[in-house]
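Architecture and fold: a report
What follows is each chain in one-letter form.
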Amino acid sequence: MNNGPRAENRLREWIFGTTRAPHAPPDKLDDLAEVRLELIGREHSGKTALRVCYCKGPLAGPQLSGLELAAADPRVMTRRMVEALETYRDLNRGGLPSTIDPEESDFTLYLADEVRAVLRLREVVGQILTHTTPDSDEKQQEQYRQYVGHLTRADALQVVVGCPASDGPADLDRFEADLMVTAGYLREALKVRAAPTPVAVQLLLAKVDVPFAGAAEARDALPDDRLRAMLGRLVRIVEGSAKVGMAAVFPVSAFGFGTAVPAADPPAAPPAGRPTGGFSLVSEGEAEYLLRPGVSPVPFNLTAAVWWALMAGLLLKPADGRGPRLADTARLMAADLEAMGAWFVPLKADART
Ligand SMILES: Nc1nc2c(ncn2[C@@H]2O[C@H](COP(=O)(O)OP(=O)(O)O)[C@@H](O)[C@H]2O)c(=O)[nH]1
Ligand SMILES: [Mg+2]
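So, here is what we can say about the structure in this document. In this text the structure is predicted, and so the values were computed from the model without any measurement.

Our focus in this paragraph is the site of ligand 1. The full set close to ligand 1 counts 19 residues, and His 44, Lys 47, Ala 49, Glu 288 and Tyr 289 are the nearest of them. A distance of 2.9 Å is found between an oxygen atom of ligand 1 and a side-chain nitrogen or oxygen belonging to Lys 207. Within the side chain of Asp 209, one N or O atom sits 2.8 Å away from a nitrogen atom of ligand 1. For the shell around ligand 1, the leading source of residues is helix α2 (residues 47-52), giving three residues.

For the pair helix α5 (residues 138-152) and helix α6 (residues 169-191), the least separation of the axes is 8 Å and the interaxial angle reads 65°. Once α5 is placed against α6, the crossing between them reads as right-handed. Contacts between α5 and α6 involve Tyr 144, Tyr 147, Val 148, Leu 151 and Thr 152 on the former and, on the latter, Tyr 185, Glu 188 and Ala 189. Residues of the contact of α5 with α6, tallied by class, amount to six nonpolar, one polar and one charged.

For the rest of this paragraph, the subject is the sheet that holds strand β7 (residues 244-251). Read from one edge to the other, the open sheet built from eight strands follows the order β2-β3-β4-β1-β5-β6-β7-β10, with strand pairing classed as mixed. Each having just a single partner strand, β2 (67-70) and β10 (345-348) make up the two edges of the open sheet. Within this sheet the neighbouring strands show an average axis-to-axis angle of 20°, counted without direction. By the bridge criterion, five bridges tie strand β1 (residues 34-40) to strand β4 (residues 114-122) in an arrangement that is parallel. Looking across to β4, one finds that Glu 34 is bridged to Val 118. In the packing of α6 onto the sheet, contacts are made with β1, β5 (156-162), β6 (199-206) and β7, and the angle to β5 comes to roughly 170°.

In terms of nonpolar packing, the biggest core is built from 98 residues, with Leu 186, Val 201, Leu 231 and Trp 308 touching the most fellow members. The dominant element in this core, judged by the number of residues it contributes, is helix α10 (residues 302-315), at 12 residues. Residues contacting Val 201, with those up to four places away along its chain left out, are Leu 157, Val 159, Leu 186, Val 238, Val 244, Met 246, Ala 247, Ala 248 and Trp 308.

Definitions and cut-offs
Residue numbers restart at each chain and count upward from 1, following the sequence in its written direction. A letter from A marks each chain and a number from 1 marks each ligand, given out in the order of writing. The predicted origin of the model limits local features to residues at a pLDDT of at least 70 and limits the giving and counting of side-chain atom pairs to 80 or more, whereas totals for whole chains, interfaces and linings rest on all residues. The basis for the side-chain values is all heavy atoms of the structure; hydrogens and waters are excluded. The cutoff for a nearby residue is simple: one of its non-hydrogen atoms must lie within 4 Å of the molecule or strand. Polar contacts, as used here, are pairs of N or O atoms within 3.5 Å; protein pairs need one atom able to donate a hydrogen and one able to accept it. Residues neighboring in sequence count only if both atoms are side-chain atoms. Put simply, DSSP H or I for four residues or longer makes a helix, DSSP E for two residues or longer makes a strand, and each gets a number counted from the N terminus. Lines fitted to C-alpha atoms define the axes here, with helix axes fitted over just the stretch in contact, and angles between the N-to-C directions of these axes take values from 0 to 180 degrees. Rotating anticlockwise by less than a right angle from the far helix to the near helix defines a left-handed crossing, while the corresponding clockwise rotation defines a right-handed one. Here, residues are in contact when the closest pair of their heavy atoms is within 4.5 Å. Residues are grouped as follows: nonpolar covers Ala, Val, Leu, Ile, Met, Phe, Trp, Tyr, Cys and Pro; charged covers Asp, Glu, Lys and Arg; every other residue, Gly included, is treated as polar. What makes two strands pair is DSSP finding at least two bridges between them. Only buried residues count toward a nonpolar core. Its members are Ala, Val, Leu, Ile, Met, Phe, Trp, Tyr and Cys residues joined through side-chain atoms within 4.5 Å. The cut-offs for exposure are 20% and 50% of the maximum accessible area for each residue type, with area from a 1.4 Å probe on protein chains only; residues under the lower value are buried, those over the upper are exposed, and the others partly exposed.

In structure tokens, the structure reads:
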């Protein structure tokens, strides 16, 4: 850890508030309260599943503090809900289509009707990570540059790596390739970081329901030091970089334990109108999972992951001009994380203390 006592003091100040005058009137959202969350993860690592399962996780209702994530426009909320229900229904029959148009989704954090923060989430076309090489054509190079540009301006980076399904050589090879690819992008995002503030980095170990039958089994098998060791390649970067202000590992599952079944056969042909999945040598052969018939996802640790990313993003905003409301929001979120029994391994600036 090289964040030192100054950073810790700053964190404490952030959480417990300072005597600074409010920057904005209480009815106007301080523009500092917007957290840009950017994703790093190859195709098929579970990024879209996590987002579509927000409806059953962080969007599902208020936390103990009363803070609640929602769409700013009720009509958008309805659309998201309908789309999520459609997707869950589709997931009983076939896997998720691959992302071809990286969507940007805004989520507003409310305390009753008061806007406290905005989470701006952008997905990535995972194939950028596995298909772009120095030999790729100019169009692809441009997509790459745009993507890295987004990463360098993030308030929080979420690195998504699927938990290996087993300790068999194919699964471990895939996991190793994932770490290699994501570490490269994480390092690049930090190396050429454009934003003046430190970034929060969240390492998501996704699909933990695949090798484990339940939360207790997963927690037993994955104590803190094991998670740190598994993700060591990424952990070393975040712990060693002065540009990372807060970091943590979160094991998550979009579908939840006991809700998924492996697809009997990978679909011979993609459903009409859908892209062919765009697999790469890294993701090829990886099992596809469906939801059990009639079952909806019960996301595991997903609300906690989103709460932490938003909280850490807020905590790392520049102190100048930050109203006490932001500190109050972060403090409420920290209390929520404790109340919801969030499972995470803090790597930097432990937000649980
Ligand atoms: N068992 C299980 N499978 C998942 C989970 N999330 C994703 N998957 C599987 O992984 C596939 C790819 O997920 P997707 O979200 O599309 O990956 P993306 O390309 O990173 O957006 C899905 O079609 C599912 O088969 C999860 O939480 N549990
Ligand atoms: Mg996707």
